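# Residue-level structure breakdown
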Amino acid sequence: MTFADKTAAQLQELIHTEQTTIAEVTKQAFDRIEALEPKVDAFLAMNKEQATQQAEEMDKVPFAERGPLFGLPIGVKDNIVTEGIETTASSRILEGFNPIYNATVVEKLKAAGMITVGKVNMDEFAMGSSNENSYYKKTKNPWNLEAVPGGSSGGSAAAVAAGEVPFALGSDTGGSIRQPASFCGVVGMKPTYGRVSRFGLIAFASSLDQIGPVTRTVKDNALLLQAISGHDERDSTSADIEVPDFAEALTGDIQGLRIGVPKEYFAEGVGEAAKQAVRDALKVLEEKGATWEEISLPHSKYALATYYLLASSEASSNLSRFDGIRYGYRTQKAGSLLEFYMNTRSEGFGDEVKRRIMLGTYALSSGYYDAYYKKAQKVRTLIKQDFDKAFEDYDVIIGPTTPTPAFKIGEIIDDPLTMYANDILTIPVNLAGVPAISIPCGFENGLPLGLQIIGKYFDEETVYRVADVFERATEFHKKTPQTWEGAAQ
Amino acid sequence: MAKMTKEEVIEVAHLARLAITDEEAVHFAEQLEAITNAMELLNELDTENVEPTTHVLEMVNVLREDKSVPGLDRELVLKNVKEHEAGQVKVPTILE
């Protein structure tokens, strides 16, 4: 029996009826990872010994004391620090870095009884949309091994799509959970800014970053978000607001739901297949009692420029901590301290990271601060106001997650602006701080397409409810990629 | 359209503590010029009376009680330090 296509509830049923054990589920996850990794390349450091031991201990815990995620395997994005497991953010500058504490979300996974099987690949410091910026390896798209899995949480999405793990954590600064979820045909949620603690998330752009779940089904996604959410005094930007029961929100009822569909998300550059898949999805939701209208988010076209200025500025500041002194890579070529810093950073960072550090440094430098950084902060206000206004009349906003399905490895890596354009439909959400999910809604040439559902601040419940209604009415989430053919059980 | 010169890139790289070669500077100058030109799209918008957004949530000055708590264990803190001596981090010579 394969566990690869099972949901959390199905796995628990098998465990509770003693048809399998946590130890077996864990072993199968590692067997499948070992069999598929030569093709998929989603994982970095593995945690096999500890996970195997943990699984055996957990099998001894009485059923009555176990929650819905107890004993289930998860992959953790490599920019989330894990005590005792190498954490690199896919950068050379953190090669060999062995964290001395856990991120809050990792502590929460432990509290829920989840088993971290290993760390998953990403674009270096979460900067990229294809996973090609990892220093260590290029993760492949399980649907087509010549295509990228998306990024930056490409390892998270590919590992889940390939059935290596049923759960993964990602992080989303400008689309880094939703875009790879869309490319790999899985479910990825970027929660409201502040919903999940960022303590222990290696910072890229602190005013935009959020950790979120990647899963195969909406219900599993809701369960995982439930486990990682909540106020944390170690993250001063985490919101002190009650966490509702997200799984309870999946009532199947969207009667009277009002959907706004921004015309800007159907503009030039967005592929016909992506548009058609969303139109078809709207029909499904209409049949279930929702209504939709075209709306305008007039500042959408300014989001990309705003984002790259703000995110790069924040990154240039955040990444100044990597100096080779206290941890990570250290140059061998240095006469003076200044040379030491400069050589360590030049040898340790990849090109995209350097590009963004320089762009940010430039935008923050004297003489350019008002023209670039402050201007972008003001435009951010306008973009946020677009959403505030739309949400006065609508419960959710729906559009495609990405303009196109996954592109080929190597196709656009040398063209930063084209690469950045991948995120035009996801970036506005981070600038506003609202929650949004990507769920599978179609295919183009055998590659998945994603439906993006955007909600009001701290209203992940409605986002999940709508996503679940769509999932129940369609079969897209049941399709499996080519890597499943002949894969290890 | 702003022009980004090789010299400007070298200056910015220095501010960012990145060593780059002349060849890299030329390459980055081309890319950064294209990127900053694309960013100038924002100049279309009149933002004279718009407040900047630094943070999307309505929270200010998150304070905690002014009480000291023990920090991390020194041995643990030094775990990832490449060179250390007598409980202190070693760095290259700063003063000749």
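Criteria and thresholds
Residues numbered from 1 in each chain as written. Chains lettered and ligands numbered in written order. Predicted model: local features only at pLDDT ≥ 70, side-chain atom pairs only at ≥ 80, totals over all residues. Heavy atoms only, no water. Helix = DSSP H or I, 4+ residues; strand = E, 2+ residues; numbered from the N terminus. Buried < 20%, exposed > 50% of the residue type's maximum accessible area, 1.4 Å probe, protein only. Contact = heavy atoms within 4.5 Å. Areas by Shrake-Rupley, 256 points an atom, 1.4 Å probe, with all protein chains shown as cover. Lys, Arg positive; Asp, Glu negative; His and termini not counted. Charge placed at Lys NZ, Arg CZ, Asp CG, Glu CD. Rg over C-alpha atoms; globule rule 2.2 N^0.38 Å. Phe/Tyr/Trp six-rings, centres within 6.5 Å; stacked < 30°, edge-to-face > 60°. 1 Å grid on protein atoms, 1.4 Å probe; cavity = no way out; pocket = protein on both sides within 12 Å on 5 of 7 lines; lining within 4 Å. Points joined across faces, edges and corners; volume = space filled by probe spheres on them. Buried area = accessible area lost by both parts, 1.4 Å probe. Salt bridge = Lys/Arg side-chain N within 4 Å of Asp/Glu carboxyl O. Polar contact = N/O pair within 3.5 Å; in protein donor to acceptor, adjacent residues only side chain to side chain. Nonpolar A, V, L, I, M, F, W, Y, C, P; charged D, E, K, R; others polar. Core = buried A, V, L, I, M, F, W, Y, C linked by side-chain atoms within 4.5 Å.

Helix and strand content of chain A: 15 helices and 11 strands. Projected onto the principal axes, the alpha-carbon positions of chain A cover approximately 65 × 55 × 45 Å. Evaluated residue by residue, chain A yields a buried proportion of 67% over its 489 residues. Long-range contacts, defined as pairs at least 24 residues apart, comprise 75% of the intrachain contacts of chain A with a sequence gap of at least 6. Carbon together with sulfur atoms contributes 47% to the accessible area of chain A, which is approximately 16,200 Å² in total. Of the charged side chains in chain A, 49 are positive and 66 negative, and the gap between their average positions amounts to 3 Å.

Moving on, we come to the overall build of chain B. When helices and strands are tallied, chain B shows 3 helices and 2 strands. Ordering the α and β elements of chain B from the N terminus gives α-α-α-β-β. Against the globule reference of 12 Å for 96 residues, chain B gives a C-alpha radius of gyration of 23 Å, more extended than a compact globule. Across its three principal directions, the C-alpha atoms of chain B cover 55 × 45 × 25 Å. Within the span of chain B, comprising 96 residues, buried residues form 29% of the whole. For chain B, the accessible area works out to roughly 7,200 Å², and carbon and sulfur atoms hold 51% of it. Charged side chains of chain B number 9 positive and 21 negative; the gap between the two group centres comes to 14 Å.

The subject of this paragraph is the packing of aromatic side chains. All names here are of chain A. Within the structure shown, the criterion is met by 20 aromatic pairs over all chains. Ring centres of Phe 387 and Phe 391 lie 6.5 Å apart, and the angle between their planes is 25 degrees; this geometry places the pair in the stacked category. Of the two residues, Phe 387 and Phe 391 both sit in helix H12 (residues 369–393), 4 residues apart, roughly one turn of that helix. With respect to class, Phe 387 is no different from Phe 391; both count as buried.

Here we come to empty space enclosed by the protein. All names here are of chain A. Summed over the entire model, instances satisfying the criterion amount to 4 cavities of 30 Å³ or more. A volume near 100 Å³ is recorded for the largest cavity. Contributing to the lining of the largest cavity are 13 residues, with Phe 3, Ala 4, Gly 163, Glu 164 and Pro 166 lying nearest its centre. When residues in the lining of the largest cavity are grouped by element, the largest group, 4 residues, is from helix H2 (residues 22–40).

What follows deals with the interface of chain A and chain B. Contact with chain A, which involves 65 residues of that partner, is made by 54 residues of chain B. Of the roughly 5,200 Å² buried where chain A meets chain B, counting both sides, 69% is carbon and sulfur surface. The tally of links between chain A and chain B comes to 2 salt bridges. With a closest N to O distance of 3.1 Å, Glu 83 of chain B and Arg 330 of chain A form a salt bridge. Linking chain A to chain B there are 19 residue pairs in polar contact (both at pLDDT 80 or more). Listed by contribution, the elements that provide at least two residues to the side of chain A that touches chain B are helix H9 (303–318), helix H10 (337–348), helix H11 (351–364), H12, helix H13 (416–420) and helix H14 (427–432) of chain A. Among the elements that line the side of chain A that touches chain B, the one with the most residues is H12 of chain A, at 11 residues. By residue class, the composition of the side of chain A that touches chain B is 34 nonpolar, 18 polar and 13 charged.

This paragraph deals with unusual backbone geometry. Residue and element names in this part refer to chain A. In this structure, Ser 152 follows Gly 151 across a cis peptide bond, with omega equal to 10 degrees. Locating Ser 152 in the fold gives a position in the loop between strand S3 (115–120) and helix H5 (154–161). Located in the positive-phi region is Ala 89, a residue other than glycine, with phi close to 55 degrees. Among the structural elements, Ala 89 can be located in the loop between strand S2 (73–77) and helix H4 (104–111).

One full turn of an α-helix is made of 3.6 residues, so residues set three or four places apart face in the same direction. Residue and element names in this part refer to chain A. Where burial is concerned, most of H5 is hidden: 8 out of the 8 residues are buried. Looking only at H5, the buried set comprises Gly 154, Gly 155, Ser 156, Ala 157, Ala 158, Ala 159, Val 160 and Ala 161. After H5 finishes, the residue Gly 163 shows a positive phi value of roughly 75 degrees.

If you roll a probe as big as a water molecule over the atoms, it shows you where there is empty space left. Residues and elements named next belong to chain A. Its volume calculated, the largest pocket comes out at about 720 Å³. Around the largest pocket sit 29 residues that line it, and Val 81, Tyr 101, Gly 200, Arg 321 and Tyr 327 are the ones nearest its centre. Here the residues of the lining of the largest pocket are counted per class, giving 18 nonpolar, 5 polar and 6 charged.

Another aspect to go through is the nonpolar core. One broad rule of soluble globular proteins: the nonpolar side chains tend to lie buried together. If you look at the biggest cluster of nonpolar residues, it comprises 170 residues, and the most contacted ones within it are Phe 125, Phe 387, Ile 398 and Ile 453 of chain A. Here this core takes 9 residues from H12 of chain A, the largest share from any one element. Excluding anything up to four places from it in sequence, Ile 398 of chain A contacts Ile 259, Gly 260, Val 261, Pro 262, Val 278, Leu 282, Leu 285, Leu 451, Gln 452, Ile 453 and Val 466 of chain A. One finds Tyr 193 and Ala 239 of chain A together with Val 56 and Leu 57 of chain B within the second-largest nonpolar core, a separate group that totals 5 residues.

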